[in-house]
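Residues per chain are reported as follows:
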Amino acid sequence: MSDAPIRKPSTGHPAHPGRRPIASAMIGLIAGIDNLGNGLAIAALLFTGPLAAGLGAGVGVVLLSAAILALLVALRSTQPNSVALVQETGVAILASTVATMAAGLESAPEEVRIATAFAILGGSTLVTGLLFWTVGRLRLGRLVRFFPYPVVAGFLAGSGWLLVEGALAMVSGRHGLGAGIAGLAAPMVMVTAAAAVGLAGLLVLTMRRSDSPFTMPLVLLATALAFHAGLPLLGVTAEEARGWGWLPGVAGGGGFSLPVPTEVLALADWGRVAAALPAMVSVAVLGMLGLLLNVSGIELAQGELSQGRDIDADAELRSTGAANLLTGALGGPSGYVGLGMTLLAGRMGATGRGAGLATAAVILGGLFVAGWLVSVTPVFLTAGLILFLGVELLQEWLIDARRRLPRTEWLIVLAVVLAIAGIGFMEGLALGLAVSLAMFVYSYSRLPVIRGRHSGAELRSRVDRSPAASLHLTGAGTAIEAMQLQGYLFFGTAEQIVGPVRDRLERAGGQTGGQVGDRPLRFLIIDFRHIKGMDSAAAGVFRRIRNLIEAAGATLVLSALPDAVEDAFRNCGLDPDRDPVLRRAPDLDHALESCEEALLAQSGAAGGGVDAPLLRHLEAMTGPHPRLADAVMALDTLHLEPDEVLIRAGEAASDVFIIGRGRVKVQIALPDGRSLRLRTMTAGAVVGEIALLLGQTRGADVVVETPATIHRLTAATLARLESEDPELALVLHRILATTLAQKVTLANRLIEQAAV
């Protein structure tokens, strides 16, 4: 029978080239017989009860469709040994839809009901073919993989339930679970039902004990022969068995019949066909999922046999779509490549297109005995086969899925199945999608959107300042709050930001619950570097944050603002360029630097004391010492202008510099020619000491940013003082050691923050 998706039989090795025609013929025989039984069961599922008169034509069109699918897919597939089958999962949905249609047209002539059934069947296949071809043409095959897995599992398990209901309808001749169960009260119907259940149980046992492709055909053939051998022993004629409902109520014949397209167009109730469109779309979507999952399974399990070729999923969609368009025009069901049969072909050595061609030939040959086959096949056999398929789907996608899926996802599967069983397939589809979406929103909203949160006392800019300025920022820096965001901001995650902002504003000064050392918030930095996008609801949340910041008399600094986020801000009335409460910065480092400069300017220590004498800087760095004045006298003084290079990368290190006034920046050259700023240094900072002490070459350029006074200690001077004035040399070494300790402390702090 046709395959449920995502099954991975083990692969074998290619056969000798001389055996390939034999292997192809064997696969054709196996798959052809499988399709004959499949076609009979599918037709019996669709054309039962008030539609029983269409069974003969139904078998014919199903088999012809199977032959066309096998032929065209074999000729055009990127996987040469693909074997296409009519798939029963979609037919299970259509069987329920057709039954509803027949109940609504109970008073209409029989030929109208049958024509409408063929119109729904063919229309569904046309929709499937069009969807396959369009998605393949647009090369969107991979996008369907984003369909929620629990919903797919629920669809397949729900299809299994519909097959079970269909088997009951085949036995009782009544559609609907309640009506079918009530029909079992008739003794002969009960006998047929018991035989169908027994056959389904036998198939379950044998198929789980044997993976041979001959097992199912042999069981079905043996069951049919035993039935016909038993009739004479019971003294029952074929006509009596037909009258009791044990055999189909059709006359036997050697040929086959097909629906006439012009009669279908003329007689069908197109209003009922239009009402079935949602079910058709469901069949198409489920078919596309099944096709792509089967293609993935073949590619994974049969990579060794595919001769190094990748399977083009979009090409498979286009070729299978074209085949379905043709079968849909004939009024037949949809189908696509079967996973199990294709892998069996590979294991048997059928690596060419002969497997699919042989399958089509066997099915076409079976068409000429289709009428006779329908008339002699017991009803319980087709019903038992459909029941077996339904039970297998329920077992794999509902019961076994409980072990594979988390509890919440399995509950979605169960909810979809219950909705399909109790309300309808489309309602189950809608419920599954709605619950999956709600769970996704709930789960995603619980992910932390705040990547990091630090005060300005903890997180500093890459600006080396004087000890006095650094000491001031250690206390005053608590007036700066920096939040680094991550992920995608939407209505479910943006609310996570409002609470911490309110909490920080309430901790200002000496308010109840405030933490020691907290100062009134002056600057809130929100860094968007790791934000992927934002919706309009999240932008509205930031408008509320802006209002909170304005009420507190603070400034909101927007760092690394992406274009998409800026557009969302402007759409909700936030203008980062004109709003006095807002300020933008290119990145978090520049945002911190600007806020620190504002705090230092307010304290009267702007720039860390740019006019402060060098001696004052050194005292703040190392503490008072009687030889510090002598240390200053030992230094050379340089006066440099902006863009002058103080240190050039790659040069030998022969001196160290102490900035007395102005700013310099440490930068490296990127491969594309741009420069990347590593740090900025202001008055009191020491630069170049690491390379000098370690005897290394310079690792980066140091360029003057503003007019600067810089004091230089050369290696020659330090060496001379070590021999002539060891005490003064020790003072200079202490200055360098203190600077290194500060830089190590800063580096450790940055590592700790990066690990959060």
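What you are looking at is a predicted structure, and each value in this text was computed from that prediction instead of being measured.

Conventions used here
- Residues numbered from 1 in each chain as written.
- Predicted model: local features only at pLDDT ≥ 70, side-chain atom pairs only at ≥ 80, totals over all residues.
- Heavy atoms only, no water.
- Pairing = 2+ DSSP bridges.
- Helix = DSSP H or I, 4+ residues; strand = E, 2+ residues; numbered from the N terminus.
- Core = buried A, V, L, I, M, F, W, Y, C linked by side-chain atoms within 4.5 Å.
- Buried < 20%, exposed > 50% of the residue type's maximum accessible area, 1.4 Å probe, protein only.
- Contact = heavy atoms within 4.5 Å.
- pLDDT = per-residue confidence, 0-100.
- Salt bridge = Lys/Arg side-chain N within 4 Å of Asp/Glu carboxyl O.
- Axes fitted to C-alpha atoms, helices over the stretch in contact; angles between N-to-C directions.

**Side note on the sheet that holds strand β13 (residues 675-681)**
So, step 1. One open sheet holds the five strands; their spatial order is β4-β13-β12-β15-β10, and the pairing between them is mixed. The outermost strands of the open sheet, each flanked by one partner alone, are β4 (463-464) and β10 (645-647).
So, step 2. As judged from the four bridges shared by strand β12 (residues 664-669) and strand β15 (residues 701-704), these two strands associate in the antiparallel manner. Bridge pairing in β15 links glutamine 667 to aspartate 701.

**Quick look at the nonpolar core**
So, step 1. Residues Leu46, Val59, Ile120, Leu203 and Phe388 are the most contacted members of the largest nonpolar core, which totals 106 residues.
So, step 2. Setting aside its immediate chain neighbours within four residues, leucine 203 contacts Met216, Val219, Leu220, Gly384, Leu385 and Phe388.
So, step 3. Counting 31 residues, the second largest nonpolar core, distinct from the first, contains Met483, Met534, Val541 and Leu556.

**Some thoughts on the pairing of β12**
So, step 1. With six bridges joining them, β12 and β13 adopt antiparallel strand pairing. Each residue of the ladder has a partner; that of valine 666, found in β13, is arginine 679.
So, step 2. Linking β12 to β13, which pair antiparallel, is a turn of five residues; within it glycine 673 sits at a positive phi near 95 degrees.

**A look at the environment of leucine 693**
So, step 1. Along the polypeptide, leucine 693 turns up in helix α28 (residues 689-694).
So, step 2. The exposure class of leucine 693 is partly exposed, given its relative accessible area of 39%.
So, step 3. Along the sequence, leucine 693 and alanine 715 sit 22 residues apart, while their C-alpha atoms lie 9.2 Å from each other.

**Thoughts on the confidence of the model for the chain**
So, step 1. On average, residues of the chain score 82 in pLDDT, and 89% of them reach the 70 mark or higher.
So, step 2. Within the model, the stretch residues 304-308 combines pLDDT values under 50 with ten contacts to residues more than four positions away or in other chains.
So, step 3. Note that pLDDT drops below 50 for residues 510-516; the model gives that stretch four contacts with residues more than four away or on any other chain.

**Here's the deal with the pattern of salt bridges**
So, step 1. Across all of its chains, the model carries 30 salt bridges by this definition.
So, step 2. With a closest N to O distance of 3.5 Å, arginine 504 and glutamate 481 form a salt bridge. Of this pair, arginine 504 sits in helix α22 (residues 495-506) while glutamate 481 sits in strand β5 (residues 480-489); the two residues are 23 residues apart in sequence, bridging distant segments of the chain. Exposure class is identical for arginine 504 and glutamate 481. Each is buried.
So, step 3. Glutamate 597 is the partner of arginine 663 in a salt bridge, and the nearest nitrogen-oxygen pair spans 3.2 Å. Of this pair, arginine 663 sits in the loop between β11 (655-661) and β12 while glutamate 597 is found in helix α25 (residues 588-603), placing the two residues 66 residues apart along the sequence.
So, step 4. The network of salt bridges with shared partners includes Glu566, Arg570, Asp575, Asp577, Arg578 and Arg584.

**Describing the environment of valine 61**
So, step 1. Checked against the element boundaries, valine 61 lands in helix α2 (residues 55-76).
So, step 2. On the basis of relative accessibility, which here comes to 1%, the residue valine 61 falls in the buried class.
So, step 3. In the structure, valine 61 is positioned 266 residues away from threonine 327 in sequence and 8.5 Å away in space, judged by C-alpha atoms.
So, step 4. For valine 61, the residues in contact, after removing those within four places along its chain, are Phe118, Ser257, Leu258, Pro259, Leu330, Gly331, Gly332 and Pro333.

**Some words on the sheet that holds β5**
So, step 1. As summarised here, the arrangement of the five strands in space is β3-β5-β6-β7-β8, forming an open sheet in which the pairing is mixed. A single partner strand is all that each edge strand has here, and the edge strands are β3 (450-455) and β8 (582-585). The mean angle between the axes of side-by-side strands here comes to 20 degrees, regardless of whether they run parallel or antiparallel.
So, step 2. Two elements, β3 and β5, share five bridges in a ladder whose sense is antiparallel. Within β5, the position partnered with arginine 453 by the bridge is methionine 483.
So, step 3. The strands that α25 touches are β5, β6 (523-534), β7 (555-559) and β8; relative to β6, the one it contacts most, it runs at about 170 degrees.

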